[in-house]
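# Survey of secondary and tertiary structure
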Amino acid sequence: MRMILGRLLVVAVLAAAAAAAESEPRLPAAEQEGVYAVLEAVNPGFPWRASFPDDLCLAGPHGVSCDDDDDGGNASHVVGISLGYVSDFSANPSCAAPSAATLLTSGLLAASFPRLRSLFVYGCFVGDDDARPLPPLPWRLPPTLQDLVLVNNPALTGRLAISAASLPLLRRLVVASSGLSGDLPSTPFPRLEQLVLSGSRFAGRIPSALVQGLANVKILDLSSNLLAGGIPRAIAGLTQLVKLDLSSNTLAGPIPGELGGLASLELLDLSNNRLTGGVPAALRGMTAIREMYLSGNRRLGGRVPADMFAGLKGISAVGLSDAGLTGTIPASLGESLRNVTYLGLDGNLLEGEVPPALAKMAGRVRLHGNRAVCISPEFLAGAPRPRIAGVPSCNATQAAPVTRRPVVMPVPLASAEKPAAAAPPPPMRIGSCVVVAMLLLMLS
């Protein structure tokens, strides 16, 4: 009797499992085949079909994510594809074929995945063997796409041929460290919240039409490109902006004072451009600002904007190195910026005594490489450290020579606790003529 009951129990369990399996949402055959086609395009040498023969939503490789029908139907759909091995915790399918780039223009993704919301490609195009320019065609991606993220693909070359008309739901566009070039998109993306086009070869001006169509953007990062022209005043209309990074381009002209109206901005990085006209006092309106980097604009000029910083109570890092600043250091700066963890004033044309009010910031301020800055006895009396590196005492018999060194920009405090240390100067080399002269003197 016990044996019969045991067999009946096993049969019942198997029947329940089979019924549950039948009720599980299934991936449509067209999407299943589409996933295989994508995987074989990026890594044709791996036996994808033999390794994952079952429903790819239930037992597929890492990097394929699915969701059920919104209307309660008995089907699953691919909503996310992540390509490129990141780590053991994000072991997405690795890329091993240059032809994978054609996924962006071939139309395979648009034809196979009617509900795709996210496409992530990391490190798929990094070497010379991967270099293959994209065909001069519009990118054909699913109109349902909300997140398009391409990171660390320096061998991916061609143009960013997308538009809001083809991707009306796009919320996040990230292209970082790529070989893409040409102009930035000139059409507005009204739903976009994050626009990062950095570390590439985009050139030309920043289109005003693009900026004016970013009403909901919170992060705008166009750093490390070849962008030229001025900073569009239309950026001042992006009232939800939290991060603005236009660093390491060739932008010229003045910093628009209208940017001071960005009351939600927390990080402003305009460093390493060709900006002029000084630091606008209107930037005091950035009441939420935490980090401001204007270093490396050698013709920016003007004086240290102490009054501007007076109302910025939450600021924690200020970069004004190698910015062509002149005059003396205002005594009020020590009070305005008493809570900062980094203040870069090095490589300018400043002169005079370092105000004693800055004494408590001795370990957080950089002043080397200025014209004639010195430390007074009053400063030394109040400083927790004996002196500021590279700055002589005011009673020194001979002023230290001015040395112009490349600016070492700090890592933004969002990703590090303190800026990177400056590299040491190169060792002095003795010319060959001097060496020969020394040998002759020794032999005489």
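Residues numbered from 1 in each chain as written. Predicted model: local features only at pLDDT ≥ 70, side-chain atom pairs only at ≥ 80, totals over all residues. Heavy atoms only, no water.

### Description of the overall build of the protein chain
- Each helix and strand counted, the protein chain has nine helices and 20 strands in total.
- Put simply, 55% of the contacts in the protein chain that link residues at least 6 apart link residues at least 24 apart.
- Of the roughly 21,800 Å² of accessible surface on the protein chain, a fraction of 58% belongs to carbon and sulfur atoms. (Helix = DSSP H or I, 4+ residues; strand = E, 2+ residues; numbered from the N terminus. Contact = heavy atoms within 4.5 Å. Areas by Shrake-Rupley, 256 points an atom, 1.4 Å probe, with all protein chains shown as cover.)

### What to know about the pairing of strand E3 (residues 118-122)
- The alternating pattern of E3 places Leu119 and Val121 on a buried face and Ser118, Phe120 and Tyr122 on a face that is not buried.
- Note that strand E2 (residues 76-83) and E3 share four bridges and pair parallel. Residue pairing across strands places Gly80 opposite Ser118, the latter belonging to E3.
- Summarising the sheet, E3 and strand E4 (residues 147-159) pair through five bridges and their orientation is parallel. Pairing of Phe120 across the sheet is with Val149, part of E4. (Buried < 20%, exposed > 50% of the residue type's maximum accessible area, 1.4 Å probe, protein only. Pairing = 2+ DSSP bridges.)

### Details of the nonpolar core
- Within the largest apolar cluster, 105 residues are counted, with the highest numbers of intra-cluster contacts made by Trp139, Leu173, Ile235, Met292 and Phe309.
- Contributions of two or more residues to this core are made by helix H2 (29-42), E2, E3, E4, strand E5 (172-182), strand E6 (194-198), helix H5 (208-212) and helix H6 (306-309).
- Examining the composition of this core, we find that six residues originate from one element, H2, more than from any other.
- Setting aside residues no more than four positions away along its own chain, Met292 makes contact with Leu268, Leu283, Met286, Met308, Phe309, Leu312, Ile315, Ala317, Val318 and Gly319. (Core = buried A, V, L, I, M, F, W, Y, C linked by side-chain atoms within 4.5 Å.)

### Notes on the sheet that holds strand E16 (residues 326-327)
- Read across the open sheet, the three strands follow the order E16-E18-E20; overall the sheet is parallel. Only two strands of the sheet have a single neighbouring strand rather than two, namely E16 and strand E20 (372-374).
- Note that E16 and strand E18 (residues 349-353) share two bridges and pair parallel. Looking at the pairing, Thr326 lines up with Leu349 of E18.

### Digging into the side chain of Asn348
- Relative to the helices and strands, Asn348 is located in the loop between strand E17 (342-344) and E18.
- Within the structure, the side chain of Asn348 is placed 2.9 Å from the backbone oxygen of Leu320, a separation counted as a polar contact.
- Looking at Asn348, its side chain comes within polar contact range of the main-chain nitrogen of Leu325, at 3.0 Å. (Polar contact = N/O pair within 3.5 Å; in protein donor to acceptor, adjacent residues only side chain to side chain.)

### Re the pattern of salt bridges
- Under the defined criterion, the tally for this structure stands at nine salt bridges.
- Put simply, Asp55 and Arg26 hold a salt bridge, and the shortest N to O gap is 3.7 Å. Highlighted residues: Asp55 in the loop between helix H3 (48-51) and strand E1 (64-68) and Arg26 in the loop between helix H1 (2-23) and H2, separated in sequence by 29 residues.
- Between Asp147 and Arg172 there is a salt bridge; the shortest N-O distance is 3.6 Å. Of the two residues, Asp147 sits in strand E4 while Arg172 sits in strand E5, which places them 25 residues apart along the sequence.
- A relative accessible area of 15% places Asp147 in the buried class.
- One network of salt bridges, in which partners are shared, links Glu33, Glu40 and Arg49. (Salt bridge = Lys/Arg side-chain N within 4 Å of Asp/Glu carboxyl O.)

### Notes on unusual backbone geometry
- A positive phi angle, close to 60°, is found at Asn152, a residue other than glycine.
- Structurally, the position occupied by Asn152 is in strand E4.
- What makes Asn152 partly exposed here is its relative accessible area of 30%.

### What to know about the confidence of the model for the protein chain
- For the protein chain, the mean per-residue pLDDT works out to 83, and 80% of the residues sit at or above 70.
- Below a pLDDT of 50 lies the segment residues 397-444, which in the model reaches 50 contacts outside its immediate sequence neighbourhood of four places, other chains included. (pLDDT = per-residue confidence, 0-100.)

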